[in-house]
Structure formats: structure tokens, C-alpha cells
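Spelled out, the chains give:
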Amino acid sequence: MDEMNLNRAVSETLHACGDGLKAPDKLKTRVDFAIRSGAPLPKSRMKTWKRNAIALCAVLAVAVGGAFAGGKVVSWSTHSYIANGWTDFDKTASEAEAISPDLKVVDSFLSEFTFVRGNRDSIDKVDESGNKVESFPLLTLRYKNDKDVSLDVSVEPVQPEGIYDDPFDETRQIGDVTVGYRAIPQIFLPGDESEKPTAEEQAKMDAGEINIAYGTETREERNYYRVHWVENGLTYSIATFDESDLTADDFFQMAEDLITAK
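**A word on the environment of Val155**
At step 1: For Val155, the location among the structural elements is in strand E6 (residues 150–157).
At step 2: Judged by its relative accessible area of 1%, Val155 falls in the buried class.
At step 3: Residues Val155 and Lys104, 51 residues apart in the sequence, show an inter-C-alpha distance of 9.1 Å.
At step 4: Residues in contact with Val155, not counting those within four places in the same chain, are Leu103, Pro137, Leu138, Leu139, Leu234, Thr235 and Tyr236.

Right under this line is the structure:
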């Protein structure tokens, strides 16, 4: 389900929104790329979005949906609560075990990023009539360094209707696991739609090359950095919206840290 993965840098806002919010159709069309690629909303606009909390939550609820291979299930929606979170890493092992005995976790990356918070949420599969078909779990772990750069690790069971063949800037083989890395260009435009994307930008979004989202006060352009792989029936991603000196090599090293974890 990683194509449905949302940047957990805004997970606190999603948790605060509560349960069951629906996005209007126009907002749904704005998150098509996020659905396909796991593209997020910008953490830097948290304060702006607080003035439009319902709109933000609606976008987030839809963006934690994804690409589907077809069939009865047409969307996924998350049910996320701050109360489900923890800050003691020792609890992470039991939460991971409850999802799968094969789920791997680490308490730090690159001797720099350390665990600060975990959350275990539920994702509902929804049919064309809006009815819940079934649910599956999502584990999200937040890591930070001393420069306040955040990383979010997301893990969930592979789903039969999920599509996991994102285009990547680079792929590498770590053992018998294929890992892909991508820096995804993001364009954020005012929520009142006073500024429109160019025809070229819209074409790139339609082709899945960039993400265009609405809700900021002014136009912003940033990247979303993500590494992703599937292993033992689980889909993993490590991602950040924060600009930093992290390289593709760093992301692949972090992936290796998890893949080789005992």
C-alpha cells in the first residue's frame, strides 16, 4: 500500500482531526498524485492549515488512499488517533509483532536519527457505495535528529488490490530485496485556487511525474524524499518532507538497516 502512504510529518494533524471525515469531490481530484505515489502535504504549512483544519483532514483522509488494481475495493481511509501513540521504543516490538512476526524495527538510523514516537492505526477498505469492506493495520514510526529533521517509517501488510510499482529515480538490490528511491517534486498552490498550475505542470501531474496540491497561502515548490520496498508480505517506506543533506545513499543505507535488522 505504499502508493497510498501519506507523509507522516503531518500525522499529528490527522490524528487531531478524529475519525470519519470525508473530502469533497474537488479535493479528491487534487490528491490523485498523492494517492498514486504517497506524496504528502507540507509540514511547513502546518500553521496555515490549522486555520483550515477540516479541509486538511479531508485531504489527509483521502490521501491515505492509493492506487488500486481494480475490483470491489475502490478506496482506503485511515482512522488515526493520538491516543494510539507511544514514545517508549520498547513498546514498538509488541506493536510490530501484533501486525506481523516478520515486521522489522530499529531504534535509530545513521547514528543520527533516533526514535521519538510510534503510532498504530487502522485503514479501512471502502467499496463503491462507501461501505467498509475490511480493515488492516498501519504502523508509523517517527525519528528525528538534532537538527529537527524528521523521518517517518511506515509499514503495513501488502494488500491484493494495492499497486506497488512506483516509478523510482534509482533502484538497488539489498540482499534479495529490491529497494527504490525517489525525490518527488511538489507544487503547493493557494487553497482558494487563485493560482492555477500551468498546462505543462498539469500534464506532468497527470503523468504522475509531480504532485500538485492546494491549501497553502502562496505558491511553494518542494520535494518529498522516499525510499520504498516490499519484503515478507509487508510494504515499507522511509520518507521526509524536510530539506536536509540526506542523500540517496543515506536513504538506501537506512533501508539496509531495516532489511538486515534482527
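On we go.
**Quick look at the side chain of Asp124**
At step 1: Within the element layout of this structure, Asp124 appears in strand E4 (residues 113–127).
At step 2: A polar side-chain atom of Asp124 sits 2.4 Å from a polar atom in the side chain of Ser135.
At step 3: Residues within four places of Asp124 in sequence aside, it is in contact with Ser75, Trp76, Ser77, His79, Lys132, Glu134 and Ser135.

**Some words on the pattern of salt bridges**
Side chains that differ in sign of charge can pair as their charged atoms come close.
At step 1: Evaluation of the coordinates by the stated rule reveals 16 salt bridges.
At step 2: Linking Glu95 and Lys91 is a salt bridge whose minimum nitrogen-to-oxygen distance equals 3.8 Å. Taken together, the positions of Glu95 and Lys91, both in helix H6 (residues 90–99) and 4 residues apart, correspond to about one turn of that helix.
At step 3: A relative accessible area of 13% means that Glu95 is categorised as buried.
At step 4: On the basis of relative accessibility, which here comes to 35%, the residue Lys91 falls in the partly exposed class.
At step 5: Shared partners join several salt bridges into a network, and the residues in it are Glu195, Glu201, Arg219 and Glu221.

Reading guide: rules and limits
Residues numbered from 1 in each chain as written. Predicted model: local features only at pLDDT ≥ 70, side-chain atom pairs only at ≥ 80, totals over all residues. Heavy atoms only, no water. Helix = DSSP H or I, 4+ residues; strand = E, 2+ residues; numbered from the N terminus. Buried < 20%, exposed > 50% of the residue type's maximum accessible area, 1.4 Å probe, protein only. Contact = heavy atoms within 4.5 Å. Polar contact = N/O pair within 3.5 Å; in protein donor to acceptor, adjacent residues only side chain to side chain. Salt bridge = Lys/Arg side-chain N within 4 Å of Asp/Glu carboxyl O.

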